[in-house]
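# Structure assessment
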Amino acid sequence: MRTTETSDLWWKTAVIYCLDVKTFMDGDDNGIGDFDGVASRIDYLNELGVTCLWLMPFYPNGGRDDGYDITDFYAVDPALGSFGDLVELVRTAKDRGMRVIADLVVNHTSDRHPWFRASRSSTTNPYRDFYVWRDTEPPDTSDQVVFPDQEDSIWQLDEKTGEWYLHNFYRQQPDLNIANPKVQDEIAKIIGFWMELGLDGFRVDAVPFLIETKGIRKADTQGYGDPHEHLRALKAFMSRRRGDTILLGEVNLPYKDQVAFFGGTDGDELTMMFDFPLMQQLYLSLARRDAGPVADCLRKRPVIQPHTQYANFVRNHDELTLDKLTDEERQEVFDAFGPEPEMQLYGRGLRRRLPPMLNGDPRRLKMVYSLLFALPGTPALFYGEEIGMGENLEVPGRMAVRTPMQWTSGKNAGFSRTQPSRLVAPIVEGPYGPAHINAASQRKDPESLLSFITLLAGRYRECPELGMGRYEVLDHDAPSVLVHRCTWEQLDGDVASTVLVHNLGPEATEITVTLEGVDGGTDIVDLFSDLELSTESRGRLTVPVEGYGHHWLRIHGPNDRRLR
Ligand code: GLC
């Protein structure tokens, strides 16, 4: 039964990998990555252990927000290839057993989308109500903007009709009017369209903004009701067509508000959500070299329905947001990992990748990635993390972490054979440049980060208790060490249980924990080293941990036949 359950709920033990087609691999050497290029690297991703590919927006767009400003939801950006090329890529990924999901960006369109062009043409145009308009002067909304360096209001006056339209993001990204049934139908149609082309689900952009009715005239929201009903309807629509598709939502809210997006006791809204609170506490823990913030956060994390899931991440494509920390906590993280103003963004985040933040310390880096895979939930990687890429601070804003993938030490990092001046984005230079950090050399080096992350992905897949099970944070006396235990009682009665130990501090230490329900004399096997231990009476276990060390300790009960 175990195999069936994990494969039916595939997202609960998936290894997700996010990439931007245009910066991943250039198949035709014009300087822009493309579908063909990604297809040629599917075996690399398969070897790494990726089971679910997340493609960032690949649709025609207005060029304002790196593809998150779409001009046609039913097409692909011709710079990346043709529809045929995309389908070949999806088919190649599936041949290697990988699922493919893509960004669903339907909170807004580009202002160049034909719907918006029509909408702004007159107050009586049939598309007028596809967007959110107001005819009175808006109040000061400067505290609500997402991009404070570029915008000071979420309303933009449109000269032609003398009314203001809502844009939570850039002014070139007018918000769609979710209360309009025609818009709702279009969103379902978009989902259905890409599912027919083989996608297994979506990473849903900006979900709280998408479903809320802020700014929509009262009269126009009648019939819309509870915004969560809309998410529920979308999920039901997808499940009717194909039961194993997922919605992975971007919902950066505190747990108490976030949990509702799973759909309450039925778990019938988003299948998964990124754990933004945990990610932010992780950086606080790293800055303090103290496991406390992560441990407290895990203890507070709501228990969710068995078919829903948290996705864990260390880094994504945006600024590393620290918006949910207090001002003092955020300052601690800034001081530790991004003290220069050029490293910070929007006053709330960092535009750096992890390795430079940790001064490239390999022990600490490996510990963080071990923790990423060991956290209860599903791990998600951003391309280049597996080789320890750095950022390019010369590139403005968020684009600092969206530089071309570093394949080799050769020209243009092996990403493209074009002239460097024609590259879609500049390559990272300096100590994190391709001469030092590239996939080709790391795949031949058993000590490399790439080899280590490949091993982590494999071990994670062998330990379904991490993705499927319940967990507890264990008490002990060493403040720098996080100890948690994941346990999964399988349908056939077998129990899989692993104790995960991560030292966020540089000093070697020792921890003693009590393992509930475990007898004395039980074998405890480290999945990453030769360390074999045994419990003392009443399940007491003492474990030595090196500075920035980690252990995945499987509790080998008498019936556990898994490989040690
Ligand atoms: C999400 C994306 C971000 C984008 C924004 C607007 O937050 O992650 O990159 O700018 O939505 O679409």
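Here the structure is a predicted model, which is why all the values come from computation and not from measurement.

### Side note on the layout of surface pockets
- As a volume, the largest pocket reaches approximately 610 Å³.
- Lining the largest pocket are 32 residues, and of these V146, F169, F209, E250 and N252 sit closest to its centre.
- Its residues assigned to classes, the lining of the largest pocket comprises ten nonpolar, eight polar and 14 charged.
- If you count residues domain by domain, the lining of the largest pocket takes at least three from each of domain 1 (4-107 + 181-460) and domain 2 (114-166).

### Some details on the packing of aromatic side chains
- Scanning the model with the defined rule gives 35 aromatic pairs in all.
- Pairing F147 with Y170 gives two aromatic rings, centres 4.0 Å apart and planes at 20°, and the pair type is stacked. Taken together, the positions of F147 in the loop between strand 4 (133-134) and strand 5 (155-158) and Y170 in the loop between strand 6 (163-166) and helix 7 (181-196) put the pair 23 residues apart, joining distant regions of the chain. There is no split in this pair, since F147 and Y170 are both buried.

### So, the sheet that holds strand 4
- Pairing within the open sheet is antiparallel, and its three strands lie in the order 4-6-5. At either end of the open sheet lies a strand with only one pairing partner, and these are strand 4 and strand 5.
- Taken together, the two bridges between strand 4 and strand 6 define a ladder with antiparallel strand orientation. Within the sheet, the bridge partner assigned to W133 lies in strand 6 and is Y165.

### Re the nonpolar core
- Ranked by internal contacts, the top residues of the largest apolar core, which has 159 residues, are Y17 and Y283.
- For Y283, the contacting residues outside a window of four places in its chain are V314, R315, L320, L322, V333, F337, L354 and M357.
- Membership of the second largest hydrophobic core comes to 18 residues, among which are V499, V518, I524 and L553.

### Quick word on a negative patch on the surface
- The grouping of E340, E342, E394 and E429 at the surface amounts to a negative patch.
- Note that E394 resides in the loop between strand 14 (378-382) and helix 17 (439-442).

### Observations regarding unusual backbone geometry
- Positive phi, normally seen in glycine, also occurs at D29, with a value near 55°.
- Structurally, D29 can be placed in the loop between helix 2 (21-24) and helix 3 (35-40).
- Look at D29 and you get partly exposed, because its relative accessible area is 23%.
- You will see that A413, though not glycine, has its phi angle at about 60°, which is positive.
- Structurally, A413 is set in the loop between strand 14 and helix 17.

### Here we look at the pairing of strand 17 (residues 495-503)
- Counting buried positions along strand 17 yields eight of nine residues, so the element is predominantly enclosed.
- By the bridge criterion, nine bridges tie strand 16 (residues 481-489) to strand 17 in an arrangement that is antiparallel. Its bridge partner being in strand 17, C486 is matched across the sheet by T498.
- In this structure, strand 17 lies alongside strand 22 (residues 550-556), joined through five bridges in antiparallel fashion. Pairing of H502 across the sheet is with H550, part of strand 22.

### Remarks on the sheet that holds strand 17
- The six strands are arranged 15-16-17-22-19-20 in an open sheet whose pairing can be described as antiparallel. The outermost strands of the open sheet, each flanked by one partner alone, are strand 15 (470-473) and strand 20 (532-534). Each adjacent strand pair in this sheet contributes to an overall mean axis angle of 25°, direction not counted.
- Sitting on the sheet, helix 16 (residues 362-374) touches strand 16, strand 17 and strand 22, and the angle it makes with strand 17 is about 150°.

### Description of the packing of helix 7 against helix 10 (residues 227-241)
- Packing of helix 7 against helix 10 brings their axes to within 11 Å, and their N-to-C directions diverge by 30°. In terms of orientation, helix 7 and helix 10 fall into the roughly parallel class. Relative to helix 10, helix 7 is oriented so that their crossing is right-handed. Two secondary-structure elements touch here, helix 7 through Q184, I187, A188, I191, G192 and M195 and helix 10 through H230, L234, F237, M238 and R241.

### Quick notes on the site of the ligand
- Inspection of the region around the ligand gives D65, Y68, H108, F147, F169, R203, D205, E250, H317, D318, R398 and R402 as its neighbouring residues.
- Side-chain polar atom of R203 to an oxygen atom of the ligand: 3.0 Å apart, as the coordinates give it.
- With respect to the ligand, the side chain of E250 contributes an N or O atom lying 2.8 Å from an oxygen atom.
- In isolation the ligand exposes 310 Å². Once the protein is present, 97% of that is buried.
- Within the shell around the ligand, the residues separate by chemical class into three nonpolar, two polar and seven charged.

The rules behind each value
Residues numbered from 1 in each chain as written. Predicted model: local features only at pLDDT ≥ 70, side-chain atom pairs only at ≥ 80, totals over all residues. Heavy atoms only, no water. 1 Å grid on protein atoms, 1.4 Å probe; cavity = no way out; pocket = protein on both sides within 12 Å on 5 of 7 lines; lining within 4 Å. Points joined across faces, edges and corners; volume = space filled by probe spheres on them. Nonpolar A, V, L, I, M, F, W, Y, C, P; charged D, E, K, R; others polar. Domains from an automatic or database assignment. Phe/Tyr/Trp six-rings, centres within 6.5 Å; stacked < 30°, edge-to-face > 60°. Helix = DSSP H or I, 4+ residues; strand = E, 2+ residues; numbered from the N terminus. Buried < 20%, exposed > 50% of the residue type's maximum accessible area, 1.4 Å probe, protein only. Pairing = 2+ DSSP bridges. Core = buried A, V, L, I, M, F, W, Y, C linked by side-chain atoms within 4.5 Å. Contact = heavy atoms within 4.5 Å. Patch = residues over 30% accessible without salt bridge, like charges linked within 9 Å, V, L, I, M, F, W, Y side chains within 5 Å. Areas by Shrake-Rupley, 256 points an atom, 1.4 Å probe, with all protein chains shown as cover. Salt bridge = Lys/Arg side-chain N within 4 Å of Asp/Glu carboxyl O. Lys, Arg positive; Asp, Glu negative; His and termini not counted. Charge placed at Lys NZ, Arg CZ, Asp CG, Glu CD. Axes fitted to C-alpha atoms, helices over the stretch in contact; angles between N-to-C directions. Parallel < 35°, antiparallel > 145°, perpendicular 65-115°, else oblique. Left-handed = near helix turned anticlockwise from the far one by under 90°. Near = heavy atom within 4 Å. Polar contact = N/O pair within 3.5 Å; in protein donor to acceptor, adjacent residues only side chain to side chain.

Distances and angles like these do not, on their own, reveal function.
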